[in-house]
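One-letter residues, chain by chain:
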Amino acid sequence: MPRLVSHPDEVKVVSRRFGRGATNIDRYIELDGYKAVRQAIEKGPEWIIAEMKASNLRGRGGAGFPTGMKWSFVPKQSEKPKYVLVNGDESEPGTCKDHLIFLHDPHAVIEGCIVAGLAVGAKTGFIYLRGEYRYLLTIMEKAIADAYAKGFLGKGIFGSNFDFEIISQTGAGAYEVGEESALMESLEGKRGIPRIRPPFPAVVGLYGGPTVINNAETIASVSHILNMGGEAYAKIGSNRNGGTRLFCISGHAERPGVYELPMGYNLKKMIYEVAGGVRGGRQLKAVVPGGSSTPVLLPSEIDIGMDFDQVGKAGSMLGSGGVVVLDETVCMVEFALRTIQFYQHESCGWCIPCREGTDWLKKTLTRFHAGGGEAKDIDHIQYLAENMLGRTFCPLGDAAAMPTIAFVKKFRQEFEDHLNGKPCPYAKQQELTLA
Amino acid sequence: MSLTSIAENPKPGSTIFSPELAARFDKLVTLYPRRRSALIPMLLYAQDEIGYVSDAAIAEIGQRLDITVLDVRNVLTYYSMLRTKPVGKYNVQVCTNISCMLRGGQEILAHCKDRLGIGHKETTPDGLFSLEEVECIGACSWAPAVQVNYDFHEELTPESMDALLDEYRSKASQ
Ligand SMILES: Cc1cc2nc3c(=O)[nH]c(=O)nc-3n(C[C@H](O)[C@H](O)[C@H](O)COP(=O)(O)O)c2cc1C
Ligand code: SF4
Ligand code: FES
């Protein structure tokens, strides 16, 4: 069972029911569950969307798109049925927050999904978990069955004249399927190859119908927003970045774990105070602030607020909330190699810059790390990555290129240290730390 | 069997799956707005029952969804968890992605290779264990993490990894 952590600076909104038995529907109700959805039925879609807009909630899947605005893009009238799709594919390395939501608070996902449905006029919601999360699907399925039994799902939910169905399933192992259009393909029983946009999913999505796609944490935030009011939720966070976020701290932190902190919380403080600093009192070498696809930050760059705008200004991205801490023992060439290995493995192969680019980067970095690097390789790596940017069919290509560029730019010296047939000069150091 | 073979498809009404799974499939295909949406869950459940996705399973699933064997294979080969060959009773999947790597994931993998005497995607001669190096499994804050079949194990050390393998070994002999 994943270990739960806590820290006095945490503001528990999405995580407030973690570890409190809320998988049980009665317990969930006792802990203010299924209150927001009743209010939403009473007050209607305009009210829901107004509250969501006021909350300044921005999508927790990675891109940080304002949720209220996304919902308002769904056309009111549609010949085809509309859908809500909860993205629980959670596969960005460094990210494990949706894992805890499904494990501890599945009803919050159901409740948020129903509210999203009420807001946009959808009658069916899908909850798609990554294939590795089978045990969480079991929990989710039980929660859904319990909600049906109480009349919270199905025909005439909560005694109203609204109907809402939820279907949950898993994928079968594919990072790319977390990308919204590939996700829809997968749900339609196909390979996870992304779709061209426009049209955007809000207009033409699943089975051709208008579709709202949101990350599981985004959806799990919805009922709390309606309960406390959009403005109150917005106030917890920073400018234009409402509320809290589950930050998954991993790597060389003294106390890794998933902590819920206000948006805009200082990154340095997050590492040194919340997560107890760098393990064994070692020196910090770098931080990957938002999952493996976000450009690495140097220790001198981490005195920033963790919200979409401030991390963006610092040249990286808030991404999926995965904060990876690297201490002085890490070989950045090896780290860059492991990162690109992942993207090479996960590239769906549809477009050439990504399929060939990730493959060449992996090959070059493998040779480089093994001691076969030449001086011109360093520029080649950067040149290649820069030429992938913006030239791929979906953002996975960028996700592979951006961190690579940052590794080379910020740690060029370490790349140079690998030249002249020297295999990784850091290997010895690492052996010492693992002993 | 050839990719587009129809002749070898099972007769309608007959099934290679257990009655429970066949009943589950009957329901699954009616759940979605389009039958084909049930494809990935069906492949997973078939694999759970048989141990892998066999030719016969592919044929029957294709027939149940009214799509060709080629359609099924096309999807099957995309997803890394789906396999067309048997693996050991316990499939040990070691994450070596960044968060796990920083916490000794690669050492856990090397340790498993050593203890089990097998490499990536190999199976022990007794058929008990298979080993696989995998990408991030969503347990990064509790690294290094390993999944054995569908079960997660977090914060492992070489010692606790040994204990875990022993646990599965004794589970198998019960
Ligand atoms: C390659 C790739 C993988 C992605 N994986 C995920 C994922 O696992 N989970 C997720 O919620 N969003 C993922 N996204 C983002 C989704 O495309 C989409 O923006 C998101 O689910 C929208 O939800 P939000 O507005 O609530 O953030 C991924 C995007 C890309 C390009
Ligand atoms: S960038 Fe191209 S090849 Fe890479 S995952 Fe997206 S569509 Fe597939
Ligand atoms: S990196 Fe190993 S579980 Fe995420």
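Throughout, residues of each chain are indexed from 1 in the direction in which the sequence is written. Chains carry letters and ligands carry numbers; both start at the beginning, A for chains and 1 for ligands, and go up in the order they are written. With pLDDT at 70 or above as the cut-off, local features in this predicted model cover only qualifying residues; side-chain atom pairs require 80 or more to be listed or tallied, and sums for whole chains, interfaces and linings still use all residues.

Overview of the interface of chain B and chain A
Next up, step 1: The interface is formed by 38 residues belonging to chain B together with 49 residues belonging to chain A.
Next up, step 2: Where the side of chain B that touches chain A is concerned, the elements lending two or more residues are helix 2 (39-50), helix 4 (69-76) and helix 5 (98-101) of chain B.
Next up, step 3: Top element by residues in the side of chain B that touches chain A is helix 2 of chain B. It accounts for five residues. By definition, residues are in contact whenever their C-beta atoms, placed on the basis of the backbone, come within 7 Å of each other. Comment: elements are numbered from the N terminus, with helices defined as DSSP H or I runs of at least four residues and strands as E runs of at least two.

With respect to the sheet that holds strand 4 (residues 211-215) of chain A
Residues and elements named next belong to chain A.
Next up, step 1: Pairing between strands requires that DSSP locate at least two bridges from one strand to the other. An order of 3-2-1-4 is seen for the four strands of this open sheet, with the pairing classed as parallel. The open sheet is flanked by strand 3 (165-170) and strand 4, the only strands paired with a single partner. Averaged over all pairs of adjacent strands, the angle between strand axes in this sheet comes to 20°, irrespective of strand direction.
Next up, step 2: Relative to strand 2 (residues 124-129), strand 1 (residues 83-88) runs parallel, the two sharing six bridges. Axis definition: a line fit to C-alpha positions, over the contact stretch in the case of helices; interaxial angles, taken between N-to-C directions, run 0 to 180 degrees.

Things to note about helix 7 (residues 180-187) of chain A
Next up, step 1: Any residue surrounded by 20 or more other C-beta atoms within 10 Å of its C-beta is treated as buried, while 12 or fewer makes it exposed and the intermediate range makes it partly exposed; C-beta atoms here are placed from the backbone. Here helix 7 of chain A lies mainly inside the structure; seven of its eight residues are buried.
Next up, step 2: Buried within helix 7 of chain A we find E180, A182, L183, M184, E185, S186 and L187 of chain A.
Next up, step 3: Turning to helix 7 of chain A, the residues buried within the fold contact strand 1, strand 2 and strand 4 of chain A together with helix 2 of chain B.
Next up, step 4: Looking at the residues trailing helix 7 of chain A, positive phi occurs at G189 of chain A, about 80°.

Quick look at the site of ligand 1
Residue and element names in this part refer to chain A.
Next up, step 1: In the region of ligand 1, 24 residues are neighbours, and G59, G61, G178, N215 and T218 sit closest.
Next up, step 2: Elements that contribute at least two residues to the shell around ligand 1 include exactly strand 4 and helix 15 (396-410).
Next up, step 3: If one sorts the elements of the shell around ligand 1 by residue count, strand 4 sits on top with three residues.
Next up, step 4: When the residues that make up the shell around ligand 1 are grouped by side-chain class, the tally is eight nonpolar, nine polar and seven charged.
Next up, step 5: Either an automatic procedure or a domain database provided the assignment from which the domain bounds are taken. Three or more residues apiece are contributed to the shell around ligand 1 by two domains, here domain 1 (25-236) and domain 3 (332-434). Only the C-beta atom matters for nearness: placed from the backbone, it must lie within 6 Å of the molecule or strand for the residue to count as near. Each residue is assigned to one class: nonpolar for Ala, Val, Leu, Ile, Met, Phe, Trp, Tyr, Cys and Pro, charged for Asp, Glu, Lys and Arg, and polar for all the others, Gly among them.

Observations concerning the site of ligand 2
Next up, step 1: In the region of ligand 2, 14 residues are neighbours, and C348, C351, C354, T392 and C394 of chain A sit closest.
Next up, step 2: Listed by contribution, the elements that provide at least two residues to the shell around ligand 2 are helix 13 (352-372) and helix 15 of chain A.

Here's the deal with the domain arrangement of chain A
Residues and elements named next belong to chain A.
Next up, step 1: For chain A, the domain assignment lists domain 1 (25-236), domain 2 (244-327) and domain 3 (332-434).
Next up, step 2: Each of domain 2 and domain 3 was reduced to a C-alpha centroid, and the two centroids are 22 Å apart.
Next up, step 3: Residues belonging to the side of domain 2 that touches domain 3 are distributed by class as follows: four nonpolar, three polar and no charged.

Points about the domain arrangement of chain B
Next up, step 1: Assigned domains within chain B: domain 1 (1-84) and domain 2 (90-173).
Next up, step 2: Centre-to-centre separation of domain 1 of chain B and domain 2 of chain B, based on C-alpha positions: 29 Å.

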